[in-house]
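Structural overview
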Amino acid sequence: MENHTSDYRTLSSLKNALLALKCFTMEEPEKGITEIAQSLGLSKSTVHRVMTTLAEEGFVLRDEHTHRYRLGLSVLSLGGIIMSNLEIYREGQHLLEEFVNRFDETVHLAVLENYSTVYVSKLECKHPIKISTHLGGKNPLHCTSSGKAILASQKEEMIDEVIRRGLEKRTRSTITDPHQLKVALSEIRKAGYAISRSELREGVHSVAVPVRDYTRQVIGAVTVVGPAERFTEEKMKSFARTLESMGKEISSRLGYYERRR
């Protein structure tokens, strides 16, 4: 009985530590004990113990003046290990570099994680207008080009689950009607690429194509993102043609091959 209690406490502490790490975001890179405690619904004494342990292992850093915490380099080193072993990253990185050199627009690699897309690579353009995206950033499936490119090839059950979870309205252009979303996904399947016109953020357009692995499943997407004033319809179609070629090459490197009809 004592061993079971000890195991439970250990697992509970581990869960609290992981949840504490996930509290930090690009918008809130620093947090104090009180903020973390309120966010997790834990006592300040529990959070203090958790953060002290994380600090000892280098997963968080404590500012001696403000007493606030931020993520430490141990998290970065783990992220590096993930990226170096993520096959889609290894096979796609040089193609992203070629795209940026050719078009001077910001391009990403995104993968599917649960019911979101996650950026695993980003190469920025040299234009002064920067797009607010970051590695590890999660975005909805229904209002991003990468998300729609991925979702269009998923089973009907998953599409229905995305709809059931709610099509959050991010801008006035966001698709929030289930029927409209399904029609859009059908058009994406036919076209081979997806476009988002200010659906996640006002004034930001993007184009994406799916990436498949050796099981023939769509596991990610290549996407180019930029301001609406530069992303004209003609330009986005041009991007789509190049992205399609990139998506096929990455898919091929991941073991995918097209069956003959």
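Everything discussed here concerns the structure shown above.
So, a few notes on the structure that sits alongside this text. (Residues numbered from 1 in each chain as written. Predicted model: local features only at pLDDT ≥ 70, side-chain atom pairs only at ≥ 80, totals over all residues. Heavy atoms only, no water.)

A few points about the side chain of Ser196
Tracing the sequence through the fold places Ser196 in strand β7 (residues 194-197). You can call Ser196 buried: its relative accessible area is 3%. Engagement of the side chain of Ser196 in a polar contact is seen with the backbone oxygen of Cys143, the distance being 3.4 Å. Setting aside residues no more than four positions away along its own chain, Ser196 makes contact with Cys143, Thr144, Ser145, Lys148, Val204, His205 and Ser206. (Helix = DSSP H or I, 4+ residues; strand = E, 2+ residues; numbered from the N terminus. Buried < 20%, exposed > 50% of the residue type's maximum accessible area, 1.4 Å probe, protein only. Polar contact = N/O pair within 3.5 Å; in protein donor to acceptor, adjacent residues only side chain to side chain. Contact = heavy atoms within 4.5 Å.)

Quick look at the packing of aromatic side chains
Summed over all chains, the structure comprises 4 aromatic pairs. Note on Phe103 and Phe239: the rings are 5.2 Å apart at their centroids and 90° apart in plane angle, and the pair reads as edge-to-face. Separated by 136 residues along the polypeptide, Phe103 in helix α5 (residues 87-103) and Phe239 in helix α9 (residues 233-253) bring together distant segments of the chain. Both residues of the pair, Phe103 and Phe239, count as buried. Taken together through their ring pairs, the aromatic side chains of Phe99, Phe103, Phe231 and Phe239 make up a single cluster. (Phe/Tyr/Trp six-rings, centres within 6.5 Å; stacked < 30°, edge-to-face > 60°.)

A look at the environment of Leu95
Mapped onto the secondary structure, Leu95 falls in helix α5. On the basis of relative accessibility, which here comes to 5%, the residue Leu95 falls in the buried class. Not counting residues up to four positions away in its chain, the partners in contact with Leu95 are Met246, Glu249 and Ile250.

Keep in mind these numbers describe shape, not what the thing actually does.
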